[in-house]
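# Coordinate analysis (summary)
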Amino acid sequence: MADETATRGGKARGRTTGNGRCTVVVLHGGRPEGREPARPWQPAALRMRPFATALRRALPRRSAEVVPVRYRYRGWNGSAADPLQDTLLALDALAARDGDRPVVLLGHSMGGRAALRAAGHPTVRGVVALAPWCPDDEPVAQLAGRELVILHGDQDRVTAPDASWRLLARAREAGALASGVRLTGGEHTMLRYAGMWRRLAVGAVTGLLEAGPLPPEVAEGFTAQEPVAVGAGRTAKAG
């Protein structure tokens with residue numbers, strides 16, 4: 001039963017009470033190239049554990065599941081796009097088990113790229129990408145009709161913030177409902193302003209799943225022309 005209405009990208013949609021079953025798929029980062037096995041104790045995987053833990057606390061235990069994906073390899077590996085293939089296999093397995101249960105993808109860095117690419121899977125409702133790796137030739141057609149939130153620190157020296165904002169603009173043109181939030185002073189590891197990263201990411205995921213309100217900054221980003229700035233250059237609003 002809808003209890004309020006939110007406007008995203010100029011389109012109104014019903015907000016439910018969040019009692020439906022849902023899944024969050026968590027995708028960690030990696031390297032451009034590398035055929036060595038991905039391990040759960042590697043820094044890229046460890047970086048996402050606090051987000052998964054926070055999501056498990058924020059979502060209804062009986063109706064929501066948080067599923068980390070472990071890749072076969074540490075690298076993207078060119079046209080093989082190995083993490084994307086692993087993500088799609090995981091989504092297919094979840095769909096075979098759960099039917100059309102809605103999924104939100106949460107990915108960091110290379111995992112953000114995998115999440116963006118996998119958005120066309122029929123179970124995916126939305127994507128939350130943290131400091132994603134966004135080459136300028138990255139496709140966006142698969143994001144049509146999906147909800148997209150990109151969070152990126154402006155001091156990132158590993159993945160380019162400007163590339164994220166260019167992809168955001170192209171995704172909107174392709175038909176995505178998209179929000180961008182720029183963390184002033186934030187960097188790639190998400191250690192600086194770690195609490196803010198988690199608050200915004202968890203709030204974005206639960207908001208897209210209609211299990212809670214969107215953080216005000218994320219909600220504002222759906223209608224703002226430019227990414228909404230938070231951090232040292234702007235006082236964060238309570239979420």
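Residues numbered from 1 in each chain as written. Predicted model: local features only at pLDDT ≥ 70, side-chain atom pairs only at ≥ 80, totals over all residues. Heavy atoms only, no water.

### So, empty space enclosed by the protein
- All told, the structure shown has 1 cavity of 30 Å³ or more when counted by the stated rule.
- Put simply, the largest cavity is a space of about 30 Å³.
- Per-element accounting of the lining of the largest cavity gives the leading share, 3 residues, to helix H3 (residues 82-98).
- A breakdown of the residues in the lining of the largest cavity according to their chemical character gives 3 nonpolar, 3 polar and 2 charged. (1 Å grid on protein atoms, 1.4 Å probe; cavity = no way out; pocket = protein on both sides within 12 Å on 5 of 7 lines; lining within 4 Å. Points joined across faces, edges and corners; volume = space filled by probe spheres on them. Helix = DSSP H or I, 4+ residues; strand = E, 2+ residues; numbered from the N terminus. Nonpolar A, V, L, I, M, F, W, Y, C, P; charged D, E, K, R; others polar.)

### Quick word on helix H6 (residues 194-208)
- For H6, which comprises 15 residues, the first-to-last C-alpha distance of 21 Å matches the rise-based estimate of 21 Å (1.5 Å per residue) to within 8%.
- Counting buried positions along H6 yields 11 of 15 residues, so the element is predominantly enclosed.
- Phi turns positive one or two residues past the end of H6, at Glu-210, with a value near 60°. (Expected span 1.5 Å × (residues − 1). Buried < 20%, exposed > 50% of the residue type's maximum accessible area, 1.4 Å probe, protein only.)

### Observations concerning the packing of helix H2 (residues 49-58) against H6
- The N-to-C vectors of H2 and H6 enclose an angle of 50°; their axes lie 10 Å apart at closest approach. What the angle tells us is that H2 and H6 run oblique. Considering the relative orientation of H2 and H6, their crossing is right-handed. Residues Pro-50, Phe-51, Ala-54, Leu-55 and Ala-58 of H2 pack against Trp-197, Arg-198, Ala-201, Val-202, Val-205 and Thr-206 of H6.
- For the contact of H2 with H6, the class distribution of residues is 9 nonpolar, 1 polar and 1 charged. (Axes fitted to C-alpha atoms, helices over the stretch in contact; angles between N-to-C directions. Parallel < 35°, antiparallel > 145°, perpendicular 65-115°, else oblique. Left-handed = near helix turned anticlockwise from the far one by under 90°. Contact = heavy atoms within 4.5 Å.)

### Regarding the pattern of salt bridges
- For the structure shown, the criterion picks out 10 salt bridges.
- A salt bridge links Glu-217 to Arg-199; its shortest N-O distance comes to 2.8 Å. Here the residue Glu-217 occupies a position in helix H7 (residues 216-221), and Arg-199 occupies one in helix H6, the gap between them amounting to 18 residues.
- Take Glu-217: its relative accessible area is 0%, and that puts it in the buried class.
- For Arg-199, a relative accessible area of 25% translates into the label partly exposed.
- A cluster of three or more residues bridged by salt bridges with shared partners is formed by Arg-35, Arg-72, Asp-82 and Asp-86. (Salt bridge = Lys/Arg side-chain N within 4 Å of Asp/Glu carboxyl O.)

### Digging into the side chain of Glu-138
- Relative to the helices and strands, Glu-138 resides in the loop between strand E6 (124-130) and strand E7 (147-153).
- A distance of 3.1 Å separates a polar atom in the side chain of Glu-138 from a polar atom in the side chain of Arg-113.
- Filtering out sequence-adjacent residues up to four positions away, Glu-138 remains in contact with Arg-113, Arg-117, Leu-167 and Arg-170. (Polar contact = N/O pair within 3.5 Å; in protein donor to acceptor, adjacent residues only side chain to side chain.)

### Points about the packing of aromatic side chains
- With the rule as written, the count across this model stands at 1 aromatic pair.
- Ring geometry for Trp-76 against Trp-133: centres 5.9 Å apart, planes inclined by 75°, an arrangement best described as edge-to-face. On the criterion of sequence distance, the pair formed by Trp-76 in the loop between strand E4 (64-68) and H3 and Trp-133 in the loop between E6 and E7 is long-range, its members being 57 residues apart.
- Residue classification places Trp-133 among the partly exposed positions, given a relative accessible area of 25%. (Phe/Tyr/Trp six-rings, centres within 6.5 Å; stacked < 30°, edge-to-face > 60°.)

### Thoughts on unusual backbone geometry
- Its identity as a non-glycine residue notwithstanding, Asn-77 has a phi of 65°, on the positive side.
- On the secondary structure map, Asn-77 appears in the loop between E4 and H3.
- When its relative accessible area of 7% is taken as the criterion, Asn-77 is described as buried.
- We note that Ser-109 has phi near 60°; this positive angle belongs to a residue other than glycine.
- Structurally, Ser-109 is set in the loop between strand E5 (103-108) and helix H4 (110-118).

### Comments concerning the nonpolar core
- Counting 34 residues, the largest nonpolar core has Val-25, Leu-105, Val-127, Leu-143, Leu-148 and Leu-167 as its most contacted members.
- Elements with a contribution of two residues or more to this core: strand E3 (22-27), H3, E5, H4, E6, E7 and helix H5 (161-174).
- Contact partners of Val-127, with chain neighbours within four places excluded, come to Leu-105, Ala-115, Leu-116, Ala-119, Glu-147, Leu-148, Val-149 and Leu-208.
- Ranked by size, the runner-up nonpolar core spans 33 residues in total, among them Leu-59, Ala-64, Val-66 and Ala-204. (Core = buried A, V, L, I, M, F, W, Y, C linked by side-chain atoms within 4.5 Å.)

### Remarks on the environment of Leu-46
- If you trace the backbone, Leu-46 turns up in helix H1 (residues 43-46).
- Owing to a relative accessible area of 37%, Leu-46 belongs among the partly exposed residues under this scheme.
- C-alpha separation for the pair Leu-46 and His-28, spaced 18 residues apart in sequence, amounts to 8.3 Å.

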